[in-house]
Amino acid sequence: MQEESSLAALSSGSYGLVEGLAVGGAMGCRLRDLGFLPGASVEALGKSPLGDPCAYQVRGTVIALRRRDAALVRVRPLEGPPI
């Protein structure tokens, strides 16, 4: 099994499974409201021309997050799309 890393570490076109959040309070609530819940699959879609923010697809929605916010989402990288 692969180890846990942050959402910010996923490269474009790769997939991960949300393991949890490394933050609480208002920011943690915001990330959960956006769909970054444990067990949710996420795909890294791409980066803006300057590299920040990055686009991710989670629960059928495309979300743009700054790198510092994406680093708060703990994911387990997957070899390919989730089944």
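How each quantity is defined
- Residues numbered from 1 in each chain as written.
- Predicted model: local features only at pLDDT ≥ 70, side-chain atom pairs only at ≥ 80, totals over all residues.
- Heavy atoms only, no water.
- Helix = DSSP H or I, 4+ residues; strand = E, 2+ residues; numbered from the N terminus.
- Pairing = 2+ DSSP bridges.
- Contact = heavy atoms within 4.5 Å.
- Axes fitted to C-alpha atoms, helices over the stretch in contact; angles between N-to-C directions.
- Core = buried A, V, L, I, M, F, W, Y, C linked by side-chain atoms within 4.5 Å.
- Buried < 20%, exposed > 50% of the residue type's maximum accessible area, 1.4 Å probe, protein only.

**Section: unusual backbone geometry**
Part 1 of the reasoning: We note that Arg59 has phi near 50 degrees; this positive angle belongs to a residue other than glycine.
Part 2 of the reasoning: Tracing the backbone through its elements, the reader meets Arg59 in the loop between strand S4 (54-58) and strand S5 (61-65).

**What about the sheet that holds S4?**
Part 1 of the reasoning: The 6 strands lie next to each other as S1-S6-S2-S3-S4-S5, forming an open sheet whose pairing is antiparallel. The open sheet is flanked by strand S1 (5-6) and S5, the only strands paired with a single partner.
Part 2 of the reasoning: Examined bridge by bridge, strand S2 (residues 15-21) and strand S3 (residues 41-47) share 3 bridges and lie antiparallel to one another. Following the sheet pairing, Leu17 is matched in S3 by Ser41.
Part 3 of the reasoning: Sheet strands touched by helix H1 (residues 25-33): S2, S5 and strand S6 (73-78). Its angle to S2, the strand with the most contacts, is close to 145 degrees.

**A short note on the nonpolar core**
Part 1 of the reasoning: Counting residues in hydrophobic clusters, the biggest one holds 17 residues, and the most contacted among them are Leu7, Phe36, Val42, Tyr56 and Leu65.
Part 2 of the reasoning: Contributing elements (two or more residues each) for this core: S3, S4, S5 and S6.
Part 3 of the reasoning: With 3 residues, S4 is the largest single contributor of residues to this core.
Part 4 of the reasoning: Setting aside residues no more than four positions away along its own chain, Leu65 makes contact with Leu7, Arg30, Leu31, Leu34, Phe36, Asp52, Pro53, Cys54, Tyr56 and Ala70.

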